[in-house]
Amino acid sequence: MSAQAIADDVRSGRRSARSVVESSLAAVAAGDGDVHAFLLVTADDALAAADRVDERVAAGEDPGPLAGVPVALKDNLCTKGVPTTCGSRILDGWRPPYDATVVDRLRAAGAVVVGKTNLDEFAMGSSTENSAFGPTRNPRDTSRVPGGSSGGSAAAVAAGFVPLALGSDTGGSIRQPAAFCGVVGMKPTYGTVSRYGLVAFASSLDQIGPFATSVADAALLLAAIAGHDPCDSTSLDRPAPPGLVDADAGLSGLRVGVCAELVDGVAPDVAKRVRQAADALAAAGATVVDLAVPELRYGLSAYYLLAPAEASSNLARYDGVRFGLRVPAADVTAMNTATRTAGFGAEVKRRIMLGTYALSAGYYDAYYGQAQRVRTLVIRAFDRAYQQVDVLLGATAPSTAFPLGDRVDDPMAMYLSDVCTIPSNLAGHPAISVPFGTGDDGLPVGVQILAPALAEPTLFKVAAAIEAAAPTAGVGLGPHASEEPAVEEGRSGAPGGVAGTEAAR
Amino acid sequence: MSEWEMVIGLEVHCELKTDTKLFCGCRNVFGEEPNTNVCPVCLGLPGSLPVLNEQAVELAMRIGTALGCDIRPSSFHRKNYFYPDMPKDYQVSQYDEPINVGGTLQLPGGTLVGVTRAHLEEDTGKTTHVGAGGRIHSADHSLVDYNRSGVPLVEIVSEPDMRSAAEARAYAAELRAVLVATGASDGRMEEGSMRVDANVSVRRPGEAFGKRCEIKNLNSLRSVARAIEYEAARQVALIEAGQAVVQETRHWDEDAGQTRTMRSKEEAYDYRYFPEPDLVPVVPDDQWRARVAGSIGLLPAARRSRLVDLLGGEPTAAQGEQVLSAVDQGLDDLVVAAVDAGAPAALALARAANEVAADVAAGRTLDPAAFAALLAMEAGGKLSATQAKDVLADLLAAGGGDPAAIARDKGFEAMSDDSLADVVRQVVDANPDEWARFRDGEVKLGGFFTGKVMKATAGQANGKAVAAELDRLRS
């Protein structure tokens, strides 16, 4: 059942929020033993919150656009009085004294938080295997990873535990697990959603965004959490994007660029789905062209200097002095070292080392400085591309979900999972992953749509069109046989289409 | 030492007098119970984010304006190092784009000291080492108070333009006066709201700069001067003994009167500065600059020259001291207003710097018209100096009043010329030897006779009138 339908039912009194939340909790209880999407289920708080929603409905009030909708939170979002672990031992015992802005806004919209979901430690990873509390499994095939770092949130939605979840996306951590799990996952324009209360990984790249089973629900959730927040200096001073998707307007006049860098290097079965999605857009009236944006190839390298650099600083505060884990030692420096040695996992340590090195005297310009220049080049390249097209299309991830344990010993292979998603983070642009059929292995494939800053309405419109044309309305639990797409026309945006676009410039 | 020249530059940290901290809504106050004035932001809790305090920017701009700096678009960096009293284990500070660049500060003695920059940054918490000697190495444990964490600071960095400990002290004093005058800081060194680090080196005049040492923990103007004197002498002794000065950070031990090694250059931190991604650049527009410039009152140097102008002509050494003191104590407005109301400038300045200064708070609110009227009576011979001081005490106590009425109530009548002449004659007759010597030219005995007359009249005689009468009798 969609979040929209649940909220409609609860607001109109057709169904109680309590019954909605009870069935969500029951689904978690029944299914999460296999999946391990949740680190913590806050059942009592959730039922109490549901009752408050019901009381408001009974009193004739409107509890808000997400009335009674169960929502799962990635466990790097601060919740007042409720443990927030970031998937790390180092925050052992810490209960934040405050709620993240998005949590406040969810509650104000009538949503009910049911728990905190698993993640790669401090959001560093692409498989949710880096959690200190054990991996999450992909509900489509529990021998596979759910992707990461927001694997718990993606899995919770894919398993039908909750209709909505929040994740954070620093280099693809919403979109890649959404693709792996066969759900919709979206990263908004940087500054659209307040980061206040999101435990920072790489501040200039982090952005909170929605997971949902449909594009419409993702837009609904984004509208509820977006909008200016005076507590976040990088929050944009503008209203939230509209929560309704303009799906009926048609795609006539819309220019879509199939981005070579987001298609050419990916697995053939994934690339095939991207081509089919492009064909579907063409069939719906869009002009589709092939477009090369070569600078995007350097995004991954720049990202793996910038994000660790910021992380090395953001994670310095976990020193055992004020909160979380403390491993006693002879003096304060030894205590810092012992605490961080025991509290952080291998990937976090690796990135702290990388970032510390990239910022060190004598290396700063060659690494951090150079990466910033590449970031500027990526932004300019996008700007040029968006003079030719309104959105870019590509794969979300280079492959479908890989088996658990497959890449844990090969950091480079793991890092390459993010190659298609990272450029949008570097540019601060919005991007969304929409399920579009399956790969040869029967696992979900995500198609990614990228748009320029603040073009969320366009992004959702195109996403809805792809969703409508997808080979299956939503991939069910367990491995599926590949199905043929609903639209199978020839591509109107073949090279011939490019000429028209070029002439228009 | 005479063949050696000191080269001194100061780094002054001053806490800004804002209502709230630099990046959060916690109040900016001193002396609360430890760790009661904190929040997720200034405790650096995970997920918290800074929001820049506009008032802090404005006060920093006032400092820059007062020092004649170029006020520029600026940004923040993170300065990364681990320390328990720094909650995030990085300090948010301005680095390559400070808000104020390139000013000067003229010292009362005339020396012009260049100001490299004056930038915004956050203060740290405060660590107290508990047990044994109260020093870090002998402590049993340490306590950290984060109330100060996130208090806004401006760090003012001078050029190495000072050449003596006295000059460095004068710079610190003058800078403090400017900070107080702009309303940016209360300048209280004893509460740590102004803290001075000194970079000291020595050279033979004309030579290139020597290796410098940075001296920390200078908590008073006196320790600024003492520490620099000590450090320069230490460096000279080293060089003269054929040893080299090692560039390092040194700690001033006030009790021992010595500087000691804190950390050497090799142990210096690599701060790994990089742009603070949680904040956006500050770009003051012309309107804001103009508003700030308009909000600054007269600065100490202008206040001093205003008094010197009133005196008309080169001030005596004593008057120079009086000018410094009157401005330092905030009594110059009183002097100017009194002169406007007809008081003689030199007398107004002297009384303000010497007598009114005994009760500065009352002096700052004293009615200048009443002060002027009193000074006019004294200058006109209607009151003796002693009587005038007595009346002034009453004026200060009451904040004003009618000096003529007060004098009448106290029975202060200026002595008539006849009765004064009588007293003088009696004194002369009673001291024939002294009178003979005075008449023969021993001028300094004038004071002797004046003193006797004053004693005989219980201070009611006018000193000038006494001198005139003595002159008349002598001739």
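This text follows the structure it describes.
Notes on the structure follow. Once a new chain begins, its residue numbering starts again from 1 and follows that chain's sequence as written. Here chains are named by letter from A upward and ligands by number from 1 upward, in the order in which they appear as written. Where local features are concerned, this predicted model is filtered to residues with pLDDT of at least 70; where side-chain atom pairs are given and counted, the filter is 80 or more; whole-chain, interface and lining totals use all residues.

### Considerations on the overall build of chain A
Put simply, DSSP marks the helices as runs of H or I at least four residues long and the strands as runs of E at least two long, and each gets a number from the N terminus on. A count of helices and strands for chain A gives 16 helices and 11 strands. A compact globule built from 505 residues would reach a C-alpha radius of gyration of about 23 Å, and chain A, at 22 Å, matches this within 12%. Expressed along its principal axes, the backbone C-alpha trace of chain A runs to roughly 70 × 65 × 45 Å. Across the 505 residues of chain A, 63% fall into the buried class. In this treatment the radius of gyration is a C-alpha quantity, and the globule benchmark scales as 2.2 Å times the residue count to the 0.38 power. Any residue whose C-beta has 12 or fewer other C-beta atoms within 10 Å is treated as exposed, any with 20 or more as buried, and any in between as partly exposed, C-beta atoms being built from the backbone.

### Some remarks on helix α3 (residues 43-58) of chain A
For an α-helix, 3.6 residues make a turn, and residues three or four places apart therefore share a direction. All names here are of chain A. With 16 residues, α3 extends 22 Å from end C-alpha to end C-alpha; this agrees with the ideal 22 Å at 1.5 Å per step. Regarding α3, the residues found buried are A46, A49, A50, V53, D54 and V57. Buried residues of α3 fall within an arc of 145° about the axis and therefore sit on the same side. More than 90 degrees from the buried face of α3, the exposed residues found are D44, E55 and A58. Multiplying 1.5 Å by the helix residue count minus one yields the expected span of that helix. The directions from the helix axis to the C-beta atoms form the arc being described.

### What to know about unusual backbone geometry
Peptide bonds are, in most cases, trans, and in most cases residues other than glycine have a negative phi. For the bond from G148 of chain A to S149 of chain A, the omega torsion is 10°, close enough to zero to count as cis. Looking at the element boundaries, S149 of chain A is found in the loop between β3 (112-117) and α5 (151-158). Within the chain, L454 of chain A stands out as a residue other than glycine whose phi angle is a positive 70°. Using a count of 18 C-beta atoms within 10 Å as the deciding quantity, one classes L454 of chain A as partly exposed. Despite not being glycine, D89 of chain B shows a phi value in the positive range, around 60°. With respect to the helices, strands and loops of the structure, D89 of chain B is situated in the loop between β3 (77-80) and β4 (90-93).

### So, the environment of L73 of chain A
All names here are of chain A. Its place among the elements puts L73 in strand β2 (residues 70-74). On the basis of neighbour counts, which here come to 30 C-beta atoms within 10 Å, the residue L73 falls in the buried class. Sequence separation between L73 and P444 is 371 residues, and the spatial gap between their C-alpha atoms is 23 Å. Every residue in contact with L73, bar those within four places of it in the chain, is listed here: T79, V103, V113, K116, T117 and L166. By the convention adopted here, residues make contact when the C-beta atoms placed from their backbones lie within 7 Å.

### What about the sheet that holds strand β11 (residues 444-450) of chain A?
For sheets, the rule is that strands pair by backbone hydrogen bonds, running either parallel or antiparallel. All names here are of chain A. In this description, strands pair whenever DSSP reports at least two bridges between them. As summarised here, the arrangement of the 11 strands in space is β1-β3-β2-β4-β6-β5-β10-β11-β9-β7-β8, forming an open sheet in which the pairing is mixed. Only two strands of the sheet have a single partner each, and these edge strands are β1 (38-41) and β8 (287-291). Strand-to-strand twist of the sheet, defined as the mean angle between neighbouring strand axes without regard to direction, takes the value 25°. The pairing of β1 with β3 spans three bridges and is antiparallel. Each residue of the ladder has a partner; that of F38, found in β3, is T117. Across the face of the sheet, helix α15 (residues 456-469) comes into contact with β9 (391-395), β10 (431-438) and β11 while running at roughly 5° to β10. In this analysis, axes come from line fits to C-alpha atoms, helices being fitted only over the stretch in contact, and the angle between any two N-to-C directions falls in the range 0 to 180 degrees.

Shape is all these values report; function is a separate question.
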